[in-house]
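# Tertiary structure, described
So you can see what is in the structure, the chains are spelled out below.
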Amino acid sequence: MDQNPVQSTAAEPAVPPRADFWSAVVWIVLGFAIVVISLRMDRLERFQASIYTAPGLVPGLLGFAIALMGGILMLRAVRAGALQGRAPVRLVLRDHWRLIFSLGLSLVYALVIVSSSMPFWLVTAIYVSAFVIVFQYAERRAAGQVPRGIAVAVVHGVLAGWAIQYVFEELFLVRLP
Amino acid sequence: MFDGLFGFAHSIWNFASPETIFYALCASLIGLIIGALPGLTATMGVALMTTLTLKLPSDQALLILICTYVGSIYGGSRSAILLNIPGTPASAASCLDGHALAKQGLAGRAMGIATSGSILGTWIGMFFLALFTPILGEMALKFGAYEFFWLAVFGVVISGNLTGTDPLKGWIAGFIGLFIAAIGQEGMYAYDRFTFGVHDLSGGIALIPALVGVFGFAEVLNVMKDKPQKFIINTYDTVVPKIKDVVQYWRTIIRSGLIGTFIGIVPGVGEDVAAWSSYAAARRASKEKEKFGKGSVEGLMAAETGDNACVPGAVIPVLTLAVPGSAPAAVLLAAMLIHGVRPGPMIMVENPTFVYDVVAMMLFASIGILIYGLTLTKLLVKILLVPRALVMPVIFVLCTVGSYAIAARPFDILVMLVFGIVGLVMRGLNYPMAPLVLGIVLGDLLDKSLRRGLSLSDGDLTPFFGRPIAFVIFLLVLFTILMNVPVARRVLGQGTALLLRPFRRA
């Protein structure tokens, strides 16, 4: 199975064969899990349902197809050297702090929005301000503008919280979480 | 022919109220800004605007969505030209010559070319939208369960084949999408599948939260994971499009418009492929091939005409078959269903004027981008320089609100978060997201069509291959798959050469 020449001009970083190998493992496991669950599904024969309309028929076929394609991907990855001995890549969390922080803060925001009774605008203002303060801190510190940076972030957060609430709830009558 | 013209004129007249024009202009501007800002895609823009316009009347809501869609595809060219970063994936081809022109001090001219190409592309697409939709609608009436089954398979296979760099990964993404659509109560017996006792899963995975996750939250994380770059935008010349550029490259414009529209019609492929294909075709046909990539007016015109022509093209299968031609068109399809419009084979019977309404909406959108293309350059330049750290948290808040607003279910926020994280990981491993989305949209159609078809034929597979339209679509699926298998491709190539040998000798 070849790689696609159609969009060769659109540069995408190459994925190491080892990563493809492990994603193939996930698809094979997922595919077979879908097949097993589909086979165990009720065929509703007591309702005189045709075997061809059994609820598990289509997901079962899809699961098989996913496992099959996962298998082909795995073979391709192995042929490309996925299993050749190499020291595993060590993940340095500090190198990925930007991703981890944005993911963590966003998850906390979503959790608080869903589960707490705090006003929407306030939670949003805190989230947006914290996001801006952290990601602009290095730049502001280099320019000697930390207090100004914090003030700008808080104003931006409060404005964003108020504006989103106003536009959704008051202008377009859409319910907020 | 004249019925269509009258229908179109009637639709324009219906929309020509100050309120509607105001909405169209606002939505085009929002689309333009979304498209211009790298990291914000047309799909995300249309999805977020769908949630904002839930309570509006359907015609106004859909007008806003179409103007946002057209505006964002055009807006992507701004950052492509000025920053060498495609604002949307559709504008990636515009970077090559657009930014090269900007480096030569011709950024204004490049923006003018993008404006004229985008408008003409939209108009060519609009023409074919009006022309083809009734014809395809009539053809679609002949589709039964067998044809719809193959159409769903074809959509996922062709989308997986063309939207990424690795067809196998595209197909895996597509089949995962088809499986995701199977989660929840199925359509025939209301039987719960893969819900594991979780009540919220019975309703299934809603398309808009999933899309907002994949194209919104994942994009926020993707942008924030890298260090921000400092951009300097040089001064630019006049942005008024030159008539000379249009007249000189009229063949390129028509060719790119046709390619863009055709690629739009193909399920799930979308604007980026349309832009690259138009660009490649222009380069092949050009007398100035050496200029491509170094500031070719023809190359930029081709890419911009192609991607904007794809927008009306992508709406054609939405209206006739309820199958989206691109990822933003998938959101548009969901929005139509939310607003009580039922696209599909019956639309020309039940609501024939709607097609012309959509064409009129596209016209309003093109007028919007013309106005902003000529007037708002300085403002857009300032917007492009807004730090990502200020924009991205607001976008995530909109993703959260947007996911919740459709059904007021906190569960949909969870869906958005999960799809965002999964989307980020899958994109990091080069799995394209368009087939996944198309799979979610087509999953229900595939499920019902296969089971109905088998039930009708009592398990006999012959009708799946014996009916003419079903057989043609099956051959297309088979050909698409085989063309990616080296051995099969060699055999097919040798077979074709053998077949053509007598003609070559003659």
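All values reported here derive from a predicted model rather than from experimental measurement.

This next bit is on the overall build of chain A. Each helix and strand counted, chain A has five helices and zero strands in total. Listing the helices and strands of chain A from first to last along the sequence gives α-α-α-α-α. The buried share of chain A, reckoned over its 177 residues, is 37%. Pairs at least 24 residues apart make up 67% of the contacts formed inside chain A by residues separated by at least 6 positions. By element, 67% of the accessible surface of chain A is carried by carbon and sulfur atoms, the whole surface being about 10,600 Å².

Right, let's get into the interface of chain B and chain A. Each partner contributes residues to the interface: chain B has 74 residues there, and chain A has 70 residues. In total, chain B and chain A occlude about 6,500 Å² of area from one another, counting both sides; carbon and sulfur atoms represent 75% of this. When the buried area of chain B at its contact with chain A is split by residue, B:Leu52, B:Thr165 and B:Leu168 rank highest and sum to 10% of it. There are two salt bridges connecting chain B and chain A. Across the pair A:Arg76 and B:Asp166 runs a salt bridge, and its minimum N-O distance is 2.3 Å. Inspection of the region where chain B meets chain A yields 12 residue pairs in polar contact (both at pLDDT 80 or more). Broken down by element, the side of chain B that touches chain A gets its largest block of residues, 12 residues, from helix H18 (residues 388-405) of chain B. Broken down by class, the residue content of the side of chain B that touches chain A amounts to 49 nonpolar, 11 polar and 14 charged.

What follows covers helix H14 (residues 327-338) of chain B. Residue and element names in this part refer to chain B. Helix length check: H14 (12 residues) gives 17 Å between terminal C-alpha atoms against 16 Å at 1.5 Å per residue, within 8%. Of all the 12 residues making up H14, 10 are buried; the element is thus mostly covered by neighbouring parts of the structure. For H14, the complete set of buried residues consists of Ala 327, Pro 328, Ala 329, Ala 330, Val 331, Leu 332, Leu 333, Ala 334, Ala 335 and Met 336. In the segment just after H14, Gly 340 is the residue with positive phi, at about 85°.

With that settled, the discussion passes to helix H2 (residues 57-79) of chain A. Taking 1.5 Å as the rise per residue, H2(A) with 23 residues should run 33 Å; its terminal C-alpha atoms sit 33 Å apart, in good agreement. Backbone geometry just after H2(A) places A:Gly81 at a positive phi near 100°.

Another aspect to go through is the layout of surface pockets. Residue and element names in this part refer to chain B. The computed volume of the second largest pocket comes to approximately 1,400 Å³. Around the second largest pocket, the lining is made up of 48 residues, and of these Leu 337, Val 441, Asp 444, Leu 445 and Lys 448 lie nearest the centre. Of the residues assigned to the lining of the second largest pocket, the class counts are 29 nonpolar, 10 polar and nine charged.

All names here are of chain B. Within this structure, the stated rule accounts for 13 salt bridges over all chains. Of the charged contacts in the structure, one is a salt bridge between Glu 219 and Arg 427, with a shortest N-O distance of 2.9 Å. Taken together, the residues Glu 219 in helix H9 (residues 207-224) and Arg 427 in helix H19 (residues 410-428) connect sequence positions 208 residues apart. Glu 219 gets classed as buried once you look at its relative accessible area, which sits at 9%. Exposure remark for Arg 427: the relative accessible area of 28% places this residue in the partly exposed category. Via salt bridges that share partners, Glu 186, Arg 193, Asp 447 and Arg 451 belong to a single interconnected network.

Turning our eyes to something else, we now look at the domain arrangement of chain A. Partitioning chain A into domains gives domain 1 (17-80) and domain 2 (96-172). A separation of 42 Å is found between the C-alpha centroids of domain 1 of chain A and domain 2 of chain A.

Residues and elements named next belong to chain A. Within this structure, the stated rule accounts for one cavity of 30 Å³ or more. Considering only enclosed or pocket space, the largest cavity measures out at about 60 Å³ in volume. Of all the secondary-structure elements, those providing two or more residues to the lining of the largest cavity are helix H4 (120-142) and helix H5 (146-171). Take the lining of the largest cavity: its biggest share by element is five residues, from H4. Of the residues contributing to the lining of the largest cavity, the split by class is five nonpolar, two polar and one charged.

Quick look at the packing of aromatic side chains now. With the rule as written, the count across this model stands at 26 aromatic pairs over all chains. Measuring from centroid to centroid gives 5.4 Å for A:Phe21 and A:Trp22, while their planes differ by 85°, and the two rings are edge-to-face. In textbook terms, an aromatic cluster arises when at least three aromatic residues are bridged by ring pairs, as seen for A:Trp97, A:Phe101, A:Tyr109, A:Tyr127, A:Phe131, A:Phe135, B:Phe217 and B:Phe396. Positioned over the ring face of B:Tyr431 is B:Lys169, at 5.3 Å from the centre of the ring.

Our next topic: the packing of helix H5 (residues 92-103) of chain B against helix H6 (residues 107-140) of chain B. Two packed helices can be described by the angle between their axes and the distance between those axes. All names here are of chain B. In contact at an axis separation of 7 Å, H5 and H6 are set at 150° when each is read in the N-to-C sense. By the angle between their directions, the pair H5 and H6 is classed as roughly antiparallel. The residues of H6 that touch H5, namely those facing Gly 98, Leu 101 and Ala 102, are Ala 107, Ala 110 and Ile 113. Across the contact of H5 with H6, the residue classes tally to five nonpolar, one polar and no charged.

This part takes up the nonpolar core. Residues and elements named next belong to chain B. By size, the foremost hydrophobic cluster in this structure holds 201 residues, and its most contacted members are Trp 150, Leu 319 and Met 362. Excluding its chain neighbours within four sequence positions, the residues that come into contact with Trp 150 are Phe 464, Phe 465, Ala 470, Ile 473, Phe 474 and Val 477. In terms of nonpolar packing, the next biggest core, distinct from the first, is built from nine residues, Ala 93, Tyr 279, Phe 292 and Ala 303 among them.

It is worth spelling out the confidence of the model for chain B at this point. Residue and element names in this part refer to chain B. Residue-level pLDDT values for chain B average 90, and 98% of them are 70 or greater. Mean pLDDT in chain B bottoms out at helix H23 (residues 486-505), which sits at 77, and peaks at helix H8 (residues 167-182), which reaches 96. Taken over the whole predicted complex, pTM reads 0.88, whereas the ipTM for its chain interfaces reads 0.90.

Tracing the backbone through its elements, the reader meets B:Arg451 in helix H20 (residues 434-456). Ignoring any residue separated from it by four or fewer positions in sequence, one finds B:Arg451 in contact with A:Tyr52, A:Thr53, A:Ala54, A:Pro55, A:Leu57, A:Val58, B:Glu186, B:Met188, B:Tyr189 and B:Arg193.

Let's shift gears to the state of the cysteines. In this structure the tally under the stated criterion is zero disulfides over all chains. B:Cys67 provides the cysteine sulfur closest to B:Cys310, a residue in no disulfide bond, and the two sulfurs are 17 Å apart.

Each value, and the rule that gives it
Residues numbered from 1 in each chain as written. Chains lettered and ligands numbered in written order. Predicted model: local features only at pLDDT ≥ 70, side-chain atom pairs only at ≥ 80, totals over all residues. Heavy atoms only, no water. Helix = DSSP H or I, 4+ residues; strand = E, 2+ residues; numbered from the N terminus. Buried < 20%, exposed > 50% of the residue type's maximum accessible area, 1.4 Å probe, protein only. Contact = heavy atoms within 4.5 Å. Areas by Shrake-Rupley, 256 points an atom, 1.4 Å probe, with all protein chains shown as cover. Buried area = accessible area lost by both parts, 1.4 Å probe. Salt bridge = Lys/Arg side-chain N within 4 Å of Asp/Glu carboxyl O. Polar contact = N/O pair within 3.5 Å; in protein donor to acceptor, adjacent residues only side chain to side chain. Nonpolar A, V, L, I, M, F, W, Y, C, P; charged D, E, K, R; others polar. Expected span 1.5 Å × (residues − 1). 1 Å grid on protein atoms, 1.4 Å probe; cavity = no way out; pocket = protein on both sides within 12 Å on 5 of 7 lines; lining within 4 Å. Points joined across faces, edges and corners; volume = space filled by probe spheres on them. Domains from an automatic or database assignment. Phe/Tyr/Trp six-rings, centres within 6.5 Å; stacked < 30°, edge-to-face > 60°. Lys NZ or Arg CZ within 6 Å of the ring centre and 35° of its normal. Axes fitted to C-alpha atoms, helices over the stretch in contact; angles between N-to-C directions. Parallel < 35°, antiparallel > 145°, perpendicular 65-115°, else oblique. Core = buried A, V, L, I, M, F, W, Y, C linked by side-chain atoms within 4.5 Å. pLDDT = per-residue confidence, 0-100. Disulfide = S-S within 2.5 Å.

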